[in-house]
Amino acid sequence: MSTVEPVSALLVDDSSQQRLGWRMILEAHPDIEVVAEAPDGARALALARRMPLDVVVMDVRMPRVGGLTAAERIRADAQVREQGGPPGIVLMTALDLEDFVGPSADAGADTLLYKDVEPDTLLTAVRAAATARRARA
């Protein structure tokens, strides 16, 4: 019987309540494990350099380093590649989704969703990004 490793996820948002909400949704499923949280993109990059990650769920707009910039940096970083390759990236926004579709794709995000998305849609996006990441590795 083969065992599949759970999807390792990093949650990145300047709101601790938002991160808690995502954590509650994701960790209700045994195939997903939240391994770390960060309040901004700079911290997300630092964490991605230190641990292999399957997926980063990250807000588009945050103080210091936002999600678009962080996604670009995580995708291009040599230390992240040494950890098994760049993780899948699910960007989240509370703003007008249409404004971020092109920039999200340019930054290397796997998908872009509204923050108030249904839990099943978030779960599907996280699993799809993890599958794509594992196929690239």
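Report follows, based on the coordinates. (Residues numbered from 1 in each chain as written. Predicted model: local features only at pLDDT ≥ 70, side-chain atom pairs only at ≥ 80, totals over all residues. Heavy atoms only, no water.)

1. Describing the pattern of salt bridges
Quick reminder of the rule: Salt bridges are counted wherever a side-chain nitrogen of Lys or Arg sits within 4 Å of a carboxyl oxygen of Asp or Glu. Helix numbers and strand numbers start at the N terminus; a helix is a DSSP run of H or I with at least 4 residues, a strand a run of E with at least 2. The classification of residues rests on relative accessible area computed with a 1.4 Å probe and restricted to protein chains. Under 20% of the type maximum is buried, over 50% is exposed, and intermediate values are partly exposed.
The final tally for this structure, using the stated rule, is eleven salt bridges. The closest approach of N and O atoms between Lys115 and Asp13, which form a salt bridge, is 2.8 Å. Highlighted residues: Lys115 in the loop between strand 5 (111-114) and helix 6 (119-136) and Asp13 in the loop between strand 1 (7-12) and helix 1 (16-27), separated in sequence by 102 residues. Since its relative accessible area comes to 0%, Asp13 is described here as buried. A salt bridge links Arg23 to Glu27; its shortest N-O distance comes to 3.1 Å.

2. Let's talk about helix 2 (residues 41-50)
For clarity, the cut-off: Each C-beta atom gives one direction from the helix axis, and the arc is the one those directions make. Contact definition: two residues touch when any of their heavy atoms are within 4.5 Å. Polar contact is the term for a pair of N or O atoms within 3.5 Å; when the atoms are in protein, one must be able to donate a hydrogen and the other to accept it, and sequence-neighboring residues count only if both atoms are side-chain atoms.
For helix 2, the complete set of buried residues consists of Gly41, Ala44, Leu45, Leu47 and Ala48. Angularly, the buried residues of helix 2 cover 165 degrees about the axis, an arc narrow enough to put them on a single face. For helix 2, the secondary structure elements touched by its buried residues are strand 1, strand 2 (32-38), strand 3 (55-59), helix 3 (67-76) and helix 4 (78-82). For helix 2, the N-terminal capping position is held by Asp40, with its side-chain oxygen 3.0 Å away from the main-chain nitrogen of Ala42.

3. Here we look at unusual backbone geometry
With phi around 65 degrees, Arg64 is a residue other than glycine that occupies positive phi space. Mapped onto the secondary structure, Arg64 falls in the loop between strand 3 and helix 3. Judged by its relative accessible area of 70%, Arg64 is exposed.

4. What about the side chain of Arg19?
Relative to the helices and strands, Arg19 resides in helix 1. Its relative accessible area of 13% is what places Arg19 among the buried residues. Residue contacts for Arg19: discarding those within four places in its chain leaves Leu11, Asp13, Asp14, Glu37, Ala38 and Pro39.

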